[in-house]
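# Breakdown of the fold
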Protein chains: 2
Amino acid sequence: MNLKDRELLQDFLDLMVAYIQNNPLENDAVVNYYNYQALEKKFDTNINTQGLSEKDLLATVEAYLQYAVRTIHPQFFGKSYGAYTVPSLMGEILSAVTNTSIATYVGAPSATVLENALIQKMAGLVGFQNGDGIFLTGGTQANLVALLCARNKVLPLVKQKGLQQNNLVFFISDQAHYSFISAANILGIGIDNLVRVPANKQGQMNVVALEQAIVTALNQGKMPFFVAATSGTTVLGAFDPIDKIAAVTSKYNLWLHVDAAYGGSFLLSDRCQSWFDGSELADSFAWDAHKLMGIPLPCSVILTKNKGVLYEGCTTCDVSKASSYIFHEYDEAAYDLGKKSLQCTRKVHVLKLWLAWKYYGDHGYGQRMDRLLELAEYAEKQIRTLHNLELVFPRISVNICFRYRSPLVTDLDSFNRRLRNHLIQQGKPFLNYSTFRDQGFLRINMINPDCCERDIDDALETIITEAKAQEESS
Amino acid sequence: MNLKDRELLQDFLDLMVAYIQNNPLENDAVVNYYNYQALEKKFDTNINTQGLSEKDLLATVEAYLQYAVRTIHPQFFGKSYGAYTVPSLMGEILSAVTNTSIATYVGAPSATVLENALIQKMAGLVGFQNGDGIFLTGGTQANLVALLCARNKVLPLVKQKGLQQNNLVFFISDQAHYSFISAANILGIGIDNLVRVPANKQGQMNVVALEQAIVTALNQGKMPFFVAATSGTTVLGAFDPIDKIAAVTSKYNLWLHVDAAYGGSFLLSDRCQSWFDGSELADSFAWDAHKLMGIPLPCSVILTKNKGVLYEGCTTCDVSKASSYIFHEYDEAAYDLGKKSLQCTRKVHVLKLWLAWKYYGDHGYGQRMDRLLELAEYAEKQIRTLHNLELVFPRISVNICFRYRSPLVTDLDSFNRRLRNHLIQQGKPFLNYSTFRDQGFLRINMINPDCCERDIDDALETIITEAKAQEESS
């Protein structure tokens, strides 16, 4: 590295440390929000023939920091990711600095060893004693891989011959993530062949309705093959009863997948074990560490109860010479993880989770999860007591669904939707807006254990103040 | 950030700077290679109830560095990624430090502006005047998305109804990347419905054979719909004649995709423009910046000639309430990039390319590409002159295919394969082993402009020395 590069890197790292350390400064906006056209003017989006000086490059970095959403702000409540810990950030930087691709053992030996170790650890927590798994690009890909493996198992000729006379059908709850709809498109199953089983009032899949839907499909000559339970629904944070669903999938011999992308991390809390009753009966399990474990995104795994499942579903390596440039005969070939991955080049994601988990230990992570629940409980309690705020659903895990209400507001849905946008545009608390059974509301995702009770109080007070101002101005 | 975390981060960053700065030290191994069982013992792969001290955590980081492949070593020749530049590393760290997901404008406003700007820049270089595109997880996903968009265009009912009476067939060269085989599996098309058109002696798709294959498929009642040209084949670094292939796809009304994951970066060199003749006629174009542009992986785009194509192929957002928690009605909703992505959570990849390109400018990148070609030319020339080394194919771009040969070696393929493994295990030059038309050979990918002529000479000398020793010991 030449001297100029070295100084550039050092100046940049100083900027990063200062940003993390000072974030947020007192009264910092969660985001300095501008609309698209205004924001475009804040950057010189052209790339010139000649490059920038180091100084101008660092100015570009500073501009980016100035207008980026501060996801480590304690009032960033709107998403399931955000606040990351220092050891996990270290892991992400270490992955970039070493810049290896984890397709073959020879290409990334240390990463292969660590990935296998962590997959075994996580599979064990799910209850898969002899499980398998792989790190991938997100919960969406994890759900896709699960559905692909299930499809190829029930129709073993599809990999070679393609889908013929497709009468496949699969089942999710109407609270499941939209990635399943995407997977129905990608895999050629078709969105119409995805049955969305109604959830009960608590946001859990109605298991009686599930069995009815399966029977109906069978009577229509369709081929049910896959059911996804959700552990931590996106909107309400609800947990489907895996054991009861497993009784149905077992009866009809269907693949049981658990989408625990959001809620899987609660496996680390002793208090929450019952939410996963029956997880050991699943065939596959998706878990995003970049959500509640405070890992820079993405950091996701798909876990399978049985070995060989991912290889059967995903690999196309052995059918062609096309991959012979990468997969060779050599002593460690059996450890080449790329053979059970949909990706060829695959960044090393395990490091960020590995370093964080090593540093905090199981105990530290248990405490983290319990603290998040405690904060969510506190927010729920405060909302119940505050005038003009209304809890829309009883809290289940770390999602708090509530809204502003007043006799002066007639259309509560659109008022709260506009309120959410207004708050973001003012750099105030960053919430989400969601719907359940056609009712709209604000939503807090309590994902940052560095948020404290005072931040919650401040945020709720700001929401009420801004809502009242909106009310008056409308 | 508390004081302990601050010190930990600072110590870690010092370690990273020292690693990059000192890499490689004189005579450093490219990799300290151990087999799986031996390497496992170098790490404590258990996670304990209580966590590690800061000191032990840093020791874990140091162990990782010690046993990771040094992809920035000038004798790391085996892969298409590796050496990254300081500005690109900055971009990757900036993405982790801000940790936003680029699904909606409101979630990542600055990143959305920059991604659109860079997509327009790259599309323009391909010749797409009014193009579109998106950053995704790698060339494999880019090829999948292209095939998905093409499938859904030719069979518009598939997204809803699924594949029925599938008689689809598509065409790639026998030198194309294995991601197309994977995509045939995922998309339900079936591997048997992928026709691998033979390459000519220069590794380019035989266009006459392509047309014959299409006619044959039509005569069999199949439905041809997609052809992929490759710009930069994995093994030989060959460039398919896009314009000639476009004449065929136009005649039969097929989707033309260009897989330029590897070679796309040569668009930045004035010398190489003819390699892309006809690229403006393609429907889609895949380009990995993490290969030859020195960006930490992954950094890939899919570009499309027409707007709306990605949305049509990929989106499932508007068909269901399932995504209403993320995609809302608001002023900037039209800029929500997640609606044309297969991913929900999507890390910001544009920053690493953005910062590097801004810093070096078009001119700097042109120089980079020309320097890589110059180094490849030098390596080719040296191999031609060195005794016991044999160039197996004339060099096309930055792949140099050669082997050790001597009268004493009878099975050249297996000797060279073992030689490659031996070199890696000794920490010597990291090469790949590949095959073309059943002949095996060593392969250099010249991807690091910080490699110099002396590194090449050293590497070739080492290869010969080690080969002779192997020869004697066998």
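Reading guide: rules and limits
- Residues numbered from 1 in each chain as written.
- Chains lettered and ligands numbered in written order.
- Predicted model: local features only at pLDDT ≥ 70, side-chain atom pairs only at ≥ 80, totals over all residues.
- Heavy atoms only, no water.
- Helix = DSSP H or I, 4+ residues; strand = E, 2+ residues; numbered from the N terminus.
- Rg over C-alpha atoms; globule rule 2.2 N^0.38 Å.
- Buried < 20%, exposed > 50% of the residue type's maximum accessible area, 1.4 Å probe, protein only.
- Contact = heavy atoms within 4.5 Å.
- Areas by Shrake-Rupley, 256 points an atom, 1.4 Å probe, with all protein chains shown as cover.
- Lys, Arg positive; Asp, Glu negative; His and termini not counted.
- Charge placed at Lys NZ, Arg CZ, Asp CG, Glu CD.
- Least-squares fit on C-alpha atoms with pLDDT ≥ 70 in both.
- Expected span 1.5 Å × (residues − 1).
- Polar contact = N/O pair within 3.5 Å; in protein donor to acceptor, adjacent residues only side chain to side chain.
- Pairing = 2+ DSSP bridges.
- Right-handed = clockwise from strand over helix to strand, strands pointing away.
- Axes fitted to C-alpha atoms, helices over the stretch in contact; angles between N-to-C directions.
- Parallel < 35°, antiparallel > 145°, perpendicular 65-115°, else oblique.
- Left-handed = near helix turned anticlockwise from the far one by under 90°.
- Nonpolar A, V, L, I, M, F, W, Y, C, P; charged D, E, K, R; others polar.
- Core = buried A, V, L, I, M, F, W, Y, C linked by side-chain atoms within 4.5 Å.
- Phe/Tyr/Trp six-rings, centres within 6.5 Å; stacked < 30°, edge-to-face > 60°.
- Domains from an automatic or database assignment.
- Buried area = accessible area lost by both parts, 1.4 Å probe.
- Salt bridge = Lys/Arg side-chain N within 4 Å of Asp/Glu carboxyl O.

## Here's the deal with the overall build of chain A
Each helix and strand counted, chain A has 15 helices and 11 strands in total. Relative to its length of 474 residues, chain A is compact, with a C-alpha radius of gyration of 24 Å against a globular reference of 23 Å. Overall size of chain A, expressed as C-alpha extent along the three principal axes, is 65 × 65 × 45 Å. In chain A, which comprises 474 residues, the proportion classed as buried is 68%. Partitioning the intrachain contacts of chain A with sequence separation of at least 6 by distance along the chain shows that 73% fall at a separation of at least 24. Surface accessibility of chain A: about 15900 Å² in total, with carbon and sulfur atoms responsible for 47%. Side-chain charges of chain A comprise 43 positive and 49 negative groups, with the mean position of each set lying 5 Å from the other.

## Here we look at the relation of the copies chain A and chain B
Each of the two chain copies can be brought onto the other by rotation about an axis and movement along it. Superposing chain A onto chain B takes a rotation of 180° combined with a translation of 0.0 Å along the rotation axis, leaving an RMSD of 0.0 Å. Taken together, the turn and the small shift mark the pair as related by a two-fold rotation axis. Residues of chain A ranked by C-alpha distance from the rotation axis are headed by L187 of chain A, positioned 2.3 Å from it. Interface overlap between copies is the fraction of interface residues in one copy that are interface residues in the other; for chain A against chain B it reaches 100%, indicating a shared surface.

## Focus: helix α9 (residues 207-219) of chain B
Residues and elements named next belong to chain B. With 13 residues, α9 extends 18 Å between its outermost C-alpha atoms, agreeing within 8% with the 18 Å of an ideal straight helix rising 1.5 Å per residue. A distance of 3.0 Å separates the backbone nitrogen of V208 from a side-chain oxygen at the start of α9, and that oxygen is part of N206. Just downstream of α9, G221 is the residue with a positive phi angle, here 80°.

## Points about the pairing of strand β5 (residues 255-259) of chain A
Residue and element names in this part refer to chain A. Of all five residues making up β5, five are buried, and the element is well covered by its neighbours. The pairing of strand β4 (residues 223-230) with β5 spans five bridges and is classified as parallel. Bridge pairing links T230 to D259 in β5. For the segment spanning β4, helix α10 (residues 242-252) and β5, crossover handedness is right-handed. The pairing of β5 with strand β6 (residues 284-288) spans three bridges and is parallel. Its bridge partner lying in β6, D259 is registered against A286.

## Some details on unusual backbone geometry
The bulk of non-glycine residues show a negative phi, and the bulk of peptide bonds are trans. All names here are of chain A. Going from L297 to P298, the amide bond is cis rather than trans, its omega being -5°. Within the secondary structure, P298 is located in the loop between α11 (289-292) and β7 (300-304). Non-glycine residue Q165 carries a positive phi angle of around 45°. Turning to its location among the elements, Q165 is positioned in the loop between α7 (158-161) and β2 (168-173). A positive phi is found at D438, a non-glycine position, where the angle reads about 65°. Assignment of secondary structure puts D438 in the loop between β10 (432-436) and β11 (439-445).

## Describing the packing of helix α14 (residues 412-425) of chain B against helix α15 (residues 453-473) of chain B
Residue and element names in this part refer to chain B. Between α14 and α15, whose axes approach to 10 Å, the crossing angle comes to 115°. One element, α14, and the other, α15, form an angle in the roughly perpendicular class. In terms of crossing hand, the pair formed by α14 and α15 is right-handed. Every residue of α15 that contacts α14 at F415, L419, H422 and L423 is listed here: T462, I463, E466, A467, Q470 and E471. Its residues assigned to classes, the contact of α14 with α15 shows five nonpolar, three polar and two charged.

## Some points on the nonpolar core
Counting residues in each nonpolar core, the largest one holds 370 residues, and the members touching the most others are M446 of chain A together with M446 of chain B. Discounting chain neighbours no more than four positions away, the residues touching M446 of chain A are F77, L292, L372, L375, A376, A379, V398, I400, C451 and I456 of chain A.

## Structural notes on the packing of aromatic side chains
Per the stated rule, a full pass over the model turns up 53 aromatic pairs over all chains. Relative to F226 of chain A, the ring of F225 of chain A lies with its centre 6.0 Å away and its plane at 40°, an arrangement referred to as tilted. As far as burial versus exposure is concerned, F225 of chain A and F226 of chain A are alike and both buried. With 6.5 Å between their ring centres and 50° between their planes, Y325 of chain A and Y178 of chain B make a pair best called tilted. Within this pair, whereas Y325 of chain A is found in the loop between α12 (309-314) and α13 (350-385), its partner Y178 of chain B is found in the loop between β2 (168-173) and α8 (179-186), the two belonging to separate chains. Accessibility classification places Y325 of chain A together with Y178 of chain B in one group, the buried group.

## Looking at helix α3 (residues 54-67) of chain A
Given a rise of 1.5 Å per residue, 14 residues ought to cover 20 Å, and the 20 Å separating the end C-alpha atoms of α3 of chain A matches this to within 8%. Taken together, the buried positions of α3 of chain A are occupied by L57, L58, T60, V61, A63, Y64, L65 and Y67 of chain A. Packing partners of the buried residues in α3 of chain A comprise α1 (3-21) and α2 (36-40) of chain A together with α4 (86-98), α5 (109-126) and α13 (350-385) of chain B.

## What to know about the domain arrangement of chain A
Per the domain assignment, the segments of chain A are domain 1 (3-30 + 32-68), domain 2 (101-347) and domain 3 (357-473). Taken over C-alpha atoms, the centre of domain 1 of chain A sits 38 Å from the centre of domain 2 of chain A.

## With respect to the pairing of β2 of chain A
Residues and elements named next belong to chain A. Across the six residues of β2, six count as buried, placing the element largely inside the fold. Alternating positions in β2 separate into two faces, L168, F170 and I172 on one and V169, F171 and S173 on the other, with burial throughout. When β2 meets strand β3 (residues 194-197), the two strands line up parallel, connected through four bridges. By the bridge assignment, F170 is partnered in β3 with L194. Handedness of the crossover joining β2 and β3 through helix α8 (residues 179-186) is recorded here as right-handed.

## A closer look at the interface of chain A and chain B
Across the boundary between the two partners, chain A contributes 160 residues, which contact 160 residues of chain B. Taking both sides of the interface into account, the surface hidden between chain A and chain B amounts to around 13900 Å²; carbon and sulfur atoms contribute 61%. Put simply, chain A and chain B have eight salt bridges between them. There are 80 residue pairs in polar contact (both at pLDDT 80 or more) connecting chain A and chain B. In the side of chain A that touches chain B, the residues fall into 80 nonpolar, 54 polar and 26 charged.

## Considering the pattern of salt bridges
Here the structure, examined in full by the defined rule, presents 47 salt bridges over all chains. Residue E390 of chain B pairs with R405 of chain B through a salt bridge whose shortest N-O separation is 2.6 Å. Separated by 15 residues along the polypeptide, E390 of chain B in strand β8 (residues 389-391) and R405 of chain B in the loop between β9 (399-404) and α14 bring together distant segments of the chain. The class of E390 of chain B is buried, set by a relative accessible area of 18%. Here R403 of chain B makes a salt bridge to D413 of chain B, at a shortest N to O gap of 3.5 Å. Taken together, the positions of R403 of chain B in strand β9 and D413 of chain B in helix α14 put the pair 10 residues apart, joining distant regions of the chain. Owing to a relative accessible area of 10%, R403 of chain B belongs among the buried residues under this scheme. The network of salt bridges with shared partners includes R271, E377, E380, R384 and R395 of chain A.

## Focus: the side chain of S397 of chain B
Residue and element names in this part refer to chain B. As for its position among the elements, S397 is in the loop between β8 and β9. Here the side chain of S397 touches G237 through a polar contact of 2.8 Å, landing on its backbone oxygen. Ignoring any residue separated from it by four or fewer positions in sequence, one finds S397 in contact with G237, F239, F266, W275, L373 and A376.

## Notes on the sheet that holds strand β5 (residues 255-259) of chain B
Residues and elements named next belong to chain B. Taken in spatial order, the seven strands make up an open sheet running β1-β7-β6-β5-β4-β2-β3, and their pairing is mixed. Bordering the open sheet on either side are β1 (132-136) and β3 (194-197), each of which pairs with just one other strand. Neighbour to neighbour, the strand axes of the sheet diverge by 20° on average, direction disregarded. The pairing of β2 with strand β4 (residues 223-230) spans four bridges and is parallel. Following the sheet pairing, L168 is matched in β4 by M223. Across the sheet, helix α10 (residues 242-252) is in contact with β4 and β5; its angle to β5 comes to roughly 160°.

## Let's talk about the sheet that holds β7 of chain A
Residue and element names in this part refer to chain A. Spatial strand order, β1-β7-β6-β5-β4-β2-β3: seven strands in an open sheet with mixed pairing. Two strands bound the open sheet, and with one partner strand each, they are β1 (132-136) and β3. Sheet twist, expressed as the mean angle between neighbouring strand axes with direction ignored, is 20°. Across the face of the sheet, helix α9 (residues 207-219) comes into contact with β2, β3 and β4 while running at roughly 165° to β2. Sitting on the sheet, α10 is in contact with β4 and β5, with an inclination near 160° to β5.

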